Amino acid sequence: MSNRDRHFERSSATASPALLPPRTTQTSISKQTDVAPAEAVALKEAVSKRARELGFDAFGVSRPDAIALAGARLETYVAAGHHGDMAWMETTLERRRDPKALMPNARSVIAVAMSYAPDTNPMEALSQTSRGLISVYAKGRDYHDVLKGRLKQLAGYLASRSGEDVKVFVDTAPLMEKPLAAAGGIGWQGKHTNLVSREHGSWLFLGAILTAAELPPDTAGRDNCGRCQRCLDVCPTAAFPAPYQLDARRCLAYLSIESKAHIPVEFRKPMGNRVYGCDDCLAVCPWNKFASAAREAKFAARVETDNPPIAELIAIDDRAFRERFAGTPVKRTGRDRIVRNALIAAGNSQDRTMIPLVEERLKDESELVRAMAVWALSQLADPDHFADLRKAYLPREADPDVRNEWEAQSA
Ligand code: B12
Ligand code: SF4
Ligand code: SF4
């Protein structure tokens, strides 16, 4: 029996409460159904089986009120400013705390996970300094598209069998997918805050269905981090103020993907050659040794997104960008931010053959790009050459941030 089969078997089984391990604190307020009605058990088993047929690797059920503690922690996270410029986390706070705010008649939450485990360790590419690292999750087809299509099929199946309302979510609505997956027994939130499964490690995409159907809940996942803290230690930007807490403002995934601003100087060197996201805290997790490579071919790296040469990314224009990254999550971030990141990678590469390409970007329309071209040249060009460039470009630079870069670098 494969790991996957084992997981489904456990998830869909109904066990006597006496045999179940204690629930984690995250879900302690959820009420366990003592004896689930036979129809609900049969429905859950059928939906779990269908989920497996649709390519999901894990499946679990919880009650909508199972994540009350997560809601309180989300409030603390936002109050501390850890969400950075993701203002939607503030505006959706009240709805995110409670799945019922999205579907008042919801009685059950189905959490699903699909593996995107790579077949090699992505950290090996950190030493290939002429290439721009793209996070494993973004090298293939956008997971929103893949999961949403399958979730809709699963929800349709559930609706037709139960006659009850259903709603589908993949990272597109204010729902806390990690705590819900943990509450459904798929795994636990590791010290890096992502969901880890004993069977599939941490390379998992998550999705959820809210339904008015009554399904027997699973037992919440138990924390198996123990004394390990590899993910905390490996983080290049010290983004974890404490275990189980992330300050997104320091995380390279936030800085390189979500942030529309200039990347603060303190993070530019630690960024190394990562041009889109970061995998380090996931890659070092010992639970990944149990993860077999993803079965979903759509998540496989494409030649054109598999850590492209930095030189190609610096020179990319809008059209070539859209062609290269069509259908992947990278496309949504847009050309300017990727070129911004690639220029930082160029600055870190110590490869002086990139200087002419970087100089071209001093004339770029985007101030994000021009600013990082200045920084990259400050790392690559010799001081006299940099001073000549400054003399030529600073007087005609109107943007205050780009001017600051010139001035800071020549101080
Ligand atoms: C915003 C967001 C981000 C932000 C912030 C991430 C974060 N950890 O908050 C940024 C841009 C940084 C990000 C990065 C990444 N993301 Co993201 N992201 C999200 C999103 C949209 C919301 C997450 C959220 O609500 N954060 C708010 C905080 C408060 O929630 P939390 O992390 O669950 O916080 C918990 C802990 O802090 C814990 N806690 C706090 N204090 C304490 C104390 C104790 C004692 C304990 C036990 C726990 C505890 O309780 C909190 C509530 O559960 C979700 C999708 C979704 N709708 O859920 C995807 C999601 C979490 N991201 C995902 C992925 C894949 C990533 C990256 C791996 C991508 C990459 N390679 O670049 C990185 C991973 C970085 C990391 N270490 O987290 C996946 C994770 C899948 C999984 N296996 O868990 C998700 C679920 C998307 C999906 N549908 O698959 N992401
Ligand atoms: S994704 Fe990278 S930068 Fe972000 S917390 Fe993990 S190791 Fe740190
Ligand atoms: S690396 Fe260690 S501490 Fe971090 S999530 Fe994995 S098991 Fe937990």
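As a convention, each chain's residues are numbered from 1 in the sequence order in which they are written. A letter from A marks each chain and a number from 1 marks each ligand, given out in the order of writing. Confidence filtering applies because this is a predicted model: local features only for residues at pLDDT of at least 70, side-chain atom pairs given and counted only at 80 or more, and all residues used for totals across whole chains, interfaces and linings.

For the protein chain, an unreviewed UniProt entry supplies the name Epoxyqueuosine reductase and the organism Candidatus Filomicrobium marinum. UniProt positions are given in the numbering used here, feature names are shortened, and annotations may be inferred rather than shown by experiment. Per UniProt, the comment on the protein chain under Sequence similarities (unreviewed entry) is "Belongs to the QueG family." Database annotation for the protein chain, UniProt heading Subunit (unreviewed entry): "Monomer."

Participant: Outline the UniProt feature "binding site: [4Fe-4S] cluster 2" (unreviewed entry) in the protein chain, listing residues and values.
Facilitator: UniProt's entry tags Cys-235, Cys-251, Cys-278 and Cys-281 with the feature "binding site: [4Fe-4S] cluster 2" (unreviewed entry), counted in the numbering of this structure. Despite a sequence span of 47 residues, these residues sit close together in the fold, their greatest C-alpha distance being 10.5 Å. Starting at the N terminus, helices and strands are each numbered in turn, a helix being any DSSP run of H or I of at least four residues and a strand any DSSP run of E of at least two. Here Cys-278 is to be found in the loop between β8 (274-276) and α11 (280-283). Note on placement: Cys-281 falls in helix α11. What counts as a contact here is a pair of residues whose C-beta atoms, placed from the backbone, lie within 7 Å. For Cys-281, the residues in contact, after removing those within four places along its chain, are His-192, Cys-231, Val-234 and Cys-235.

Participant: Report on the UniProt feature "active site" (unreviewed entry) in the protein chain, specifying residues and quantitative values.
Facilitator: UniProt tags Asp-171 as "active site" (unreviewed entry). On the secondary structure map, Asp-171 appears in the loop between β4 (166-169) and α7 (177-183). Exposure classes come from backbone-placed C-beta atoms, where a residue is buried if 20 or more other C-beta atoms lie within 10 Å of its own, exposed if 12 or fewer do, and partly exposed in between. Look at Asp-171 and you get partly exposed, because 14 C-beta atoms sit within 10 Å. Residues in contact with Asp-171, not counting those within four places in the same chain, are His-144 and Glu-177.

Participant: An account of the sheet that holds β4 is requested, with residue identities and associated values reported.
Facilitator: Overall, antiparallel pairing links the four strands, which are arranged β1-β2-β7-β4 in an open sheet. Across the chains shown, the open sheet's two edge strands, defined by having one partner strand only, are β1 (58-62) and β4. When strand polarity is set aside, the average angle formed by the axes of neighbouring strands in this sheet is 20 degrees. In this scheme, strands are said to pair when DSSP sees at least two bridges between them. With eight bridges connecting them, strand β2 (residues 108-115) and strand β7 (residues 204-211) associate as antiparallel partners. Note that in β7 the partner of Ser-108 across the bridge is Thr-211. Comment: axis = line fitted to C-alpha atoms, over the contacting stretch for helices; angle = value between 0 and 180 degrees taken between N-to-C directions.

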